Amino acid sequence: MSENAVLYQAAAHCLSYPDDEFRALLPQLRAAAPQLESFLTHAEATGPSELAAHYVQVFDFKNRHSLYLSWWRDGDTRRRGMALVRFKEVYREHGMEFTGEELPDFLPAVLEFSAHAGPVLLEEHRPGLELLRLALTDFGTPYASVLQAVCGTLPGPSPKDRAEAQALARSGPPREDVGLEPFAMIGEH
């Protein structure tokens, strides 16, 4: 397994809800992913209930910190449904079937996929990752260092600020929005 694959797998654990299983993995995560040292030190020094409360505060109450990558591009619109289908298609193209309890664009699931299939979805959704990284940095949470490590594996430099990240989002890969515009309504001529 490549160094980035190990980092992606470890980051997936760090960005999932910090339950007892996560706490049991801390020594292995520290040994496997030194890039996550800052976050792992924080996780080890923070009590279980306090770490869980912080996770909920950071990720569950604010879309500004959404772990759902399609939200960063499509928000809560109908286009997001097509984006979720695209995630599932990419998983299938790589011989994997998404069966998780979360949506297929949930960052920990995408990181696990990336550990096995490479960073194709991370690269495709880099603008969202960078916006999340900046939002977490602005919020002052140790989770920002996990995003920093993941973004550091992607080609090219990370945007320095929100304006650069939004410019990256605007210049991202071309997308085809499928709609019904070419079809006339029945009875129209």
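Details of the structure are given in the entry above.
Residues numbered from 1 in each chain as written. Predicted model: local features only at pLDDT ≥ 70, side-chain atom pairs only at ≥ 80, totals over all residues. Heavy atoms only, no water.

Draft legend 1. The arrangement of the side chain of Arg80 in detail. Along the chain, the position of Arg80 falls in helix 6 (residues 79-93). Among the polar contacts made by the side chain of Arg80, one reaches the side chain of Asp105 at a distance of 3.4 Å. When residues no more than four places from it in sequence are discounted, the contact partners of Arg80 are Tyr68, Ser70, Trp71, Asp74, Gly75, Leu103 and Asp105. (Helix = DSSP H or I, 4+ residues; strand = E, 2+ residues; numbered from the N terminus. Polar contact = N/O pair within 3.5 Å; in protein donor to acceptor, adjacent residues only side chain to side chain. Contact = heavy atoms within 4.5 Å.)

Draft legend 2. Structural view of the environment of Pro48. Its place among the elements puts Pro48 in helix 4 (residues 48-60). A residue is classified by how much of its surface remains accessible, and Pro48, at 45% relative accessible area, is partly exposed. C-alpha separation for the pair Pro48 and Asp19, spaced 29 residues apart in sequence, amounts to 7.6 Å. (Buried < 20%, exposed > 50% of the residue type's maximum accessible area, 1.4 Å probe, protein only.)

Draft legend 3. The environment of Phe87, seen in detail. Mapped onto the elements of the fold, Phe87 is located in helix 6. Between the C-alpha atom of Phe87 and that of Phe106, which follows or precedes it by 19 residues, the distance is 10.0 Å.

Draft legend 4. Layout of the packing of helix 6 against helix 7 (residues 107-117). Two numbers describe how helix 6 lies on helix 7: the axes approach to 11 Å, and their chain directions differ by 20 degrees. Considering their axes alone, helix 6 and helix 7 lie roughly parallel with respect to each other. Between helix 6 and helix 7 lies a crossing of left-handed hand. Packed against helix 6, whose contacting residues are Phe87, Val90 and Tyr91, the element helix 7 presents Ala109, Val110 and Phe113 at the interface. Looking at side-chain class alone, the contact of helix 6 with helix 7 contains six nonpolar, no polar and no charged residues. (Axes fitted to C-alpha atoms, helices over the stretch in contact; angles between N-to-C directions. Parallel < 35°, antiparallel > 145°, perpendicular 65-115°, else oblique. Left-handed = near helix turned anticlockwise from the far one by under 90°. Nonpolar A, V, L, I, M, F, W, Y, C, P; charged D, E, K, R; others polar.)

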